[in-house]
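Spelled out from the first residue to the last, the chains are:
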Amino acid sequence: MSRIGLIAGNGRFPFLALQGARSLGHDVTVVAVKEEAFPELEGAARAAGADLTWVSLGHLGKCIKVLKQAGVRQAIMAGQVKHAKIFSGIIPDLTLLSVLTKLKARNTDALISAVAEVLRGEGIELLDSTAFLAPLLARPGTLGRREPSTEEMEDFAFGYRMADAIAAMDIGQTIVVRHKAVVAVEAMEGTDAVIARAAEIAGPGTRVVKVAKPNQDMRFDVPVVGVATIEAMHAAGATALTIDAGRTVILDGDRFIEAADAAGIVVIGRTTQNANERSGAGHANGAERAAKSERSGESQAGCRGPRQLDDAAPASERAGGSGGAKPPGQS
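Residues numbered from 1 in each chain as written. Predicted model: local features only at pLDDT ≥ 70, side-chain atom pairs only at ≥ 80, totals over all residues. Heavy atoms only, no water.

1. Some details on the overall build of the protein
Phase 1: Assigned secondary structure in the protein consists of 14 helices and 13 strands.
Phase 2: Expressed as a percentage of contacts within the protein between residues at least 6 apart in sequence, the contacts between residues at least 24 apart total 78%.
Phase 3: Within the structure as shown, the protein displays about 13000 Å² of accessible surface, and the carbon and sulfur contribution to it stands at 53%. (Helix = DSSP H or I, 4+ residues; strand = E, 2+ residues; numbered from the N terminus. Contact = heavy atoms within 4.5 Å. Areas by Shrake-Rupley, 256 points an atom, 1.4 Å probe, with all protein chains shown as cover.)

Shown next, in the form of structure tokens:
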């Protein structure tokens with residue numbers, strides 16, 4: 001099996017990606033963002049037999065050096081790095097500075113795409129961030145016990161058009177609607193914050209529409225939800241959530257659905273054209289590239305389910321968690 005590089009921000013995503021890659025037999029070299037990744041990741045890496053190096057945010061050159069010295073040819077990004085931190089509050093090294101000065105737009109897609117090109121130029125291919133986490137991708141249809149009401153479905157139908165447009169412009173991937181009106185739009189603050197802001201504006205009875213970008217690059221900025229998303233919705237009085245099937249990671253697996261059921265919140269997995277494409281050869285090909293052998297298909301079929309993968313996270317995170325975690329720049 002090949003050695004995989006894991007560029008880790010905060011949240012549980014890196015823990016799950018680490019365990020998912022190891023469960024498929026890959027060696028893993030972790031580059032953890034010092035200002036973001038949880039300290040527990042070091043112990044998790046040690047327990048998994050993985051190397052870990054702490055690197056300050058903005059030190060792209062050191063990140064590349066660590067990966068190349070370990071013989072990494074393929075890597076994934078997993079974990080949250082707050083959008084505001086990416087464009088302010090960091091001291092870039094010369095490698096990242098050369099990337100920043102060439103950006104035509106200061107948004108996540110532009111930055112991470114440019115970083116991916118630099119990695120490729122150094123012989124490191126950036127894989128889909130979900131390459132080892134297929135069991136955690138949202139499935140289509142109603143995910144919990146409660147079916148949506150007519151009013152909730154009407155709000156969803158209204159919200160999809162707006163959310164897709166906002167996501168296409170790389171502004172955000174979440175909007176909150178009520179009575180076919182947009183209450184709040186996510187920008188850099190994240191999903192939980194926009195849900196809380198919508199409650200301040202419109203009170204209870206809102207619906208949350210979280211989408212992938214129309215041409216979602218699954219290497220980064222993949223939508224993520226978790227128990228904390230449900231907790232934020234419950235606190236805000238939001239009644240329903242829709243996410244894109246096949247293109248949204250559910251960090252907490254079964255516990256996410258159980259929390260939604262307990263709160264009486266509807267969760268829908270929307271089927272999109274891109275999701276249908278990914279359910280076929282696209283995702284399998286990513287796993288095959290990562291494994292570089294015929295054995296990868298066999299291992300992927302035996303990958304552990306959401307509940308087992310979730311146990312990789314530190315106890316404090318499994319108990320609560322952070323909805324909307326972002327692989328460096330992820331919404």
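2. Observations concerning the sheet that holds strand β11 (residues 240-244)
Phase 1: Here six strands make up an open sheet; going across it, the order is β6-β13-β11-β9-β7-β8 and the pairing mixed. Here the strands that pair on one side only, and so sit at the sheet edges, are β6 (141-142) and β8 (181-185).
Phase 2: Note: strand β7 (residues 174-178) against β8, four bridges, orientation antiparallel. Bridging from a neighbouring strand, V177 pairs with V182 of β8.
Phase 3: Set on the sheet, helix α9 (residues 227-236) makes contact with β9 (207-210), β11 and β13 (266-270); between it and β11 the angle comes to about 150°. (Pairing = 2+ DSSP bridges. Axes fitted to C-alpha atoms, helices over the stretch in contact; angles between N-to-C directions.)

3. Some thoughts on the pattern of salt bridges
Phase 1: Scanning all chains against the criterion turns up 19 salt bridges.
Phase 2: Linking R197 and E189 is a salt bridge whose minimum nitrogen-to-oxygen distance equals 2.5 Å.
Phase 3: For R197, a relative accessible area of 32% puts it in the partly exposed group.
Phase 4: The structure contains a network of salt bridges with shared partners spanning R3, R22, D27 and D51. (Salt bridge = Lys/Arg side-chain N within 4 Å of Asp/Glu carboxyl O. Buried < 20%, exposed > 50% of the residue type's maximum accessible area, 1.4 Å probe, protein only.)

4. Focus on the packing of aromatic side chains
Phase 1: Taken as a whole and judged by the stated rule, the model has one aromatic pair.
Phase 2: The ring of Y160 carries R270 above its face, with NZ or CZ at 4.4 Å from the centroid. (Phe/Tyr/Trp six-rings, centres within 6.5 Å; stacked < 30°, edge-to-face > 60°. Lys NZ or Arg CZ within 6 Å of the ring centre and 35° of its normal.)

5. Things to note about helix α6 (residues 108-121)
Phase 1: Compared with an ideal rise of 1.5 Å per residue, which puts 14 residues at 20 Å, α6 spans 20 Å between its outermost C-alpha atoms and is within 8% of the ideal.
Phase 2: Listed as buried for α6 are T108, L111, I112, V115, A116 and L119. Around the axis of α6, the buried residues are gathered within 135° of arc, so they sit on the same side.
Phase 3: Two residues or fewer after α6 comes G123, characterised by a positive phi angle close to 85°. (Expected span 1.5 Å × (residues − 1). Arc of directions from axis to C-beta.)

6. Some remarks on the packing of α9 against helix α10 (residues 254-263)
If you want to describe how two helices pack, look at the angle between their axes and the distance between the axes.
Phase 1: Packing of α9 against α10 leaves a shortest axis separation of 8 Å and a crossing angle of 15°. Overall, the two elements α9 and α10 adopt an arrangement that is roughly parallel. In this structure, α9 meets α10 at a crossing whose hand is right-handed. Residues V227, I230 and H234 of α9 pack against R255, F256, A259, A260 and A263 of α10.
Phase 2: In terms of residue class, the contact of α9 with α10 is made up of six nonpolar, one polar and one charged. (Parallel < 35°, antiparallel > 145°, perpendicular 65-115°, else oblique. Left-handed = near helix turned anticlockwise from the far one by under 90°. Nonpolar A, V, L, I, M, F, W, Y, C, P; charged D, E, K, R; others polar.)

7. As for the sheet that holds strand β4 (residues 74-78)
Phase 1: Pairing is parallel across the open sheet formed by five strands, whose spatial order is β3-β2-β1-β4-β5. With partners counted over all chains shown, the strands left at the sheet margins are β3 (51-55) and β5 (125-126), one partner each.
Phase 2: When β4 meets β5, the two strands line up parallel, connected through two bridges. Each residue of the ladder has a partner; that of A75, found in β5, is L126.
Phase 3: Sheet contacts for helix α1 (residues 13-23): β1 (3-8), β2 (27-33) and β4; angle to β2, the most-contacted strand, approximately 170°.
Phase 4: Packed onto the sheet, helix α2 (residues 40-47) meets β1, β2 and β3 and runs at close to 155° relative to β3.

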